[in-house]
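# Structural characterization, general
Listed below, chain by chain, are the residues.
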Amino acid sequence: MKDLFRGELVRLTLVEPEVGAKASALWQRDSEFHRLLDNSPARLDSEKKIKEWFEKDAEKGFKPERYGFSVRTLAEDKYIGFLGLWVDLIHREAWVGLGIGEREFWSKGYGTDMMKLCQQYVFRELSLERLSLGLFEYNPRALRSYEKCGFRLEGRTRMDTMREGNRVDSLWMGILREEWLQLQEGDGK
Amino acid sequence: MLDIQTQLFESQDLRLGPIDHEKDPEIESKWTHDSEFTRLMDTDPARPLSAAVIKKQYEKLEKKVEEDKNLFHFMIRTRVDGRLIGKAVVQWIEWTNGNAFLRLGIGSAEDRQKGYGTQALQMLLRFAFAELNLFRVSALVPEYNEAAVALLRKFGFVQEVCRRSALERDGRRWDLYTFGLLRDEWQNGHTGQAER
């Protein structure tokens, strides 16, 4: 059996409220990072408040619809980002949201490695049928990474986001279990 | 294709109105016993709900409307006798982006295919674009809901996304569509300038 949590560059691990809050507060200052991640207005929360959210989340205990991970590099054991899954148990679909807050780890394959771990977890461990995600058209780096991981572009919601006075599209992608399994065979795994 | 109307909440045969906490729970409870309706309206599993449970849901809903400020909920009634026939909702409003999702349902089978959906959507779109000043609206529709697809297309909605195999019903997988309509497209249709 494969190690579900260990990729080639990163590993998925638990969320530590203290470490997470410290990093998130810093990452929130980076409005480019926020705008790549979400189309809600950028905001700045206190470290204390963010830590409370993380703790509250942990108190709720195990929920089969919700999975959150911290992402650490294998080489430096540095906390660089996060990955969250929202699962529809009835229709066996998961949505993924992920981000790398530490800019020096952008464009170097860390995101792709995170996504491969995510797919492995969704299809090998959660046994779901489909993995979905959304991104903005001004994020070509993410688009390339997701395409590399076998996601197909399934459409775009026209001009649903307003950035700097411009209307931009959101893109929607998905990969099915059978598509992912075929890719694994191709890799000889 | 759309009539010019002065009243936001009135169409030829219908009226949008608030919840009637005394009378509506009984009727909506009946709808939940019809799995065809629940499967058209929702991706959650069908299950019959009592009037008491529906009543609680209404209270929760009104609280949510008040607190979240990104949701508008209407009951659809006939003008002639005020009978409840369905629900119309503008939800998940993102004020900074000017977008939202619409939901519409006609509860009993005998009230369907009478043009009520068309009238209700007409009011809902006018509310979303002319009252809330949204830039665009979306609707999520399962592949198998052909009536909804036809209704949305009638109003100029464009199928923008096809989430392949996103739903499971009756032991097989179905696609889930996202339809979108921009305010410009609605306005052009509204004033009859666009070709249909």
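An account of the accompanying structure is given in this report. (Residues numbered from 1 in each chain as written. Chains lettered and ligands numbered in written order. Predicted model: local features only at pLDDT ≥ 70, side-chain atom pairs only at ≥ 80, totals over all residues. Heavy atoms only, no water.)

## Details of the overall build of chain B
Per the secondary structure count, chain B includes six helices and seven strands. The secondary structure elements of chain B, listed N-terminal to C-terminal, are β-α-α-α-β-β-β-α-β-α-β-β-α. Computed over the C-alpha atoms, the radius of gyration of chain B is 17 Å, within 12% of the 16 Å expected from 2.2 N^0.38 for a compact globule of 196 residues. For chain B, the spread of C-alpha atoms along the principal axes amounts to about 45 × 40 × 35 Å. Long-range contacts, defined here as pairs at least 24 residues apart, represent 61% of the contacts in chain B between residues at least 6 apart. (Helix = DSSP H or I, 4+ residues; strand = E, 2+ residues; numbered from the N terminus. Rg over C-alpha atoms; globule rule 2.2 N^0.38 Å. Contact = heavy atoms within 4.5 Å.)

## Some thoughts on the packing of aromatic side chains
Think of a pair of aromatic rings as described by two things: how far the centres are apart, and how the planes are tilted against each other in angle. Across all of its chains, the model carries 23 aromatic pairs over all chains by this definition. Between A:W27 and A:F82, the ring centres sit 6.3 Å apart and the planes meet at 35 degrees, which makes this aromatic pair tilted. Pair noted here: A:W27 is in helix 1 (residues 17–28) and A:F82 is in strand 3 (residues 79–88), with a separation of 55 residues, a long-range link. By relative accessible area, which is 25% here, A:F82 ends up partly exposed. Seen in terms of ring centroids, A:W95 and A:W172 are 5.9 Å apart; in terms of plane orientation they differ by 85 degrees. Their pairing is edge-to-face. With A:W95 in strand 4 (residues 93–100) and A:W172 in strand 7 (residues 166–176), the pair connects residues that are 77 residues apart, well separated along the chain. Grouped by ring-pair contacts, the aromatic residues A:F5, A:F62, A:Y67, A:F69 and A:Y121 constitute a single cluster. The side chain of A:R167 reaches across the aromatic face of B:F135, ending 3.9 Å from its centre. Over the ring of B:W174 we find B:R172; its NZ or CZ atom is 3.6 Å from the centre of that ring. (Phe/Tyr/Trp six-rings, centres within 6.5 Å; stacked < 30°, edge-to-face > 60°. Buried < 20%, exposed > 50% of the residue type's maximum accessible area, 1.4 Å probe, protein only. Lys NZ or Arg CZ within 6 Å of the ring centre and 35° of its normal.)

## A few points about the interface of chain B and chain A
Counting from both sides, the interface comprises 26 residues of chain B and, opposite them, 26 residues of chain A. Interface area, chain B with chain A, both sides summed: about 2100 Å², of which 44% is carbon and sulfur. Per-residue buried area on chain B facing chain A is highest for B:N97, B:R163 and B:R164; these three make up 31% of the total on that side. Linking chain B with chain A are six salt bridges. Notably, a salt bridge pairs A:R158 with B:E185, separated by 2.6 Å at the nearest N-O pair. Run the count over chain B and chain A and you get 20 residue pairs in polar contact (both at pLDDT 80 or more). Taken together, the elements giving at least two residues each to the side of chain B that touches chain A come down to strand 6 (158–169) and strand 7 (172–182) of chain B. Examining the composition of the side of chain B that touches chain A, we find that eleven residues originate from one element, strand 6 of chain B, more than from any other. Looking at side-chain class alone, the side of chain B that touches chain A contains nine nonpolar, eight polar and nine charged residues. (Buried area = accessible area lost by both parts, 1.4 Å probe. Salt bridge = Lys/Arg side-chain N within 4 Å of Asp/Glu carboxyl O. Polar contact = N/O pair within 3.5 Å; in protein donor to acceptor, adjacent residues only side chain to side chain. Nonpolar A, V, L, I, M, F, W, Y, C, P; charged D, E, K, R; others polar.)

## Details of the packing of helix 4 (residues 110–125) of chain A against helix 6 (residues 177–186) of chain A
Residues and elements named next belong to chain A. Where helix 4 meets helix 6, the axes come as close as 11 Å, and the angle between the chain directions of the two elements is 115 degrees. By the angle between their directions, the pair helix 4 and helix 6 is classed as roughly perpendicular. As helix 4 runs across helix 6, the sense of the crossing is left-handed. Contacts between helix 4 and helix 6 pair Q119, Q120, F123 and R124 from the former with R177, W180 and Q184 from the latter. Of the residues belonging to the contact of helix 4 with helix 6, the class tally is two nonpolar, three polar and two charged. (Axes fitted to C-alpha atoms, helices over the stretch in contact; angles between N-to-C directions. Parallel < 35°, antiparallel > 145°, perpendicular 65-115°, else oblique. Left-handed = near helix turned anticlockwise from the far one by under 90°.)

## What about the pairing of strand 6 of chain B?
Residue and element names in this part refer to chain B. Extensive coverage of strand 6 is indicated by the burial of nine of its twelve residues. Note that strand 6 and strand 7 share eight bridges and pair antiparallel. Across the sheet, residue V161 finds its bridge partner in strand 7, namely T178. A loop of two residues connects strand 6 with strand 7, the two strands running antiparallel in sequence, and D170 in this loop sits at a positive phi of about 50 degrees. (Pairing = 2+ DSSP bridges.)

## Points about the environment of B:G115
Mapped onto the secondary structure, B:G115 falls in the loop between strand 4 (99–106) and helix 4 (116–131). Along the backbone, B:G115 and B:L125 are ten residues apart, and their C-alpha atoms lie at a distance of 16 Å.

## A look at the pattern of salt bridges
Summed over the entire model, instances satisfying the criterion amount to 38 salt bridges over all chains. For A:E154, the salt bridge goes to B:R164, with nearest N and O atoms at 2.6 Å. With A:E154 in strand 6 (residues 152–163) and B:R164 in strand 6, this residue pair bridges two chains. The exposure class assigned to A:E154 is buried, which follows from its relative accessible area of 9%.

## Let's talk about the nonpolar core
When a protein is soluble and globular, its nonpolar side chains tend to lie buried together. Membership of the largest hydrophobic core comes to 42 residues, with the highest contact counts inside it found for A:L83, A:L85, A:M115, A:L131, A:Y146 and A:F151. Looking at this core element by element, the count peaks at eight residues for helix 4 of chain A. Once residues within four sequence positions are removed from consideration, A:Y146 is found in contact with A:L98, A:M115, A:L133, A:L135, A:F151 and A:M173. Membership of the second largest hydrophobic core comes to 36 residues, among which are B:L16, B:L102, B:L124 and B:L181. (Core = buried A, V, L, I, M, F, W, Y, C linked by side-chain atoms within 4.5 Å.)

## Remarks on the side chain of B:R136
With respect to the helices and strands, B:R136 occurs in strand 5 (residues 136–142). From its side chain, B:R136 meets the backbone oxygen of A:R158 in a polar contact 2.7 Å long.

## Topic: unusual backbone geometry
Residue A:S127 is not a glycine yet carries a positive backbone phi of 55 degrees. Summarising the element assignment, A:S127 is placed in the loop between helix 4 and strand 5 (130–136).

## Comments concerning helix 4 of chain B
For the α-helix, the turn length of 3.6 residues means that residues three or four positions removed from each other point alike. All names here are of chain B. If you check helix 4, its first and last C-alpha atoms are 21 Å apart, about what 16 residues at 1.5 Å a residue would give, namely 22 Å. Here helix 4 lies mainly inside the structure; 14 of its 16 residues are buried. In the segment just after helix 4, N133 is the residue with positive phi, at about 60 degrees. (Expected span 1.5 Å × (residues − 1).)

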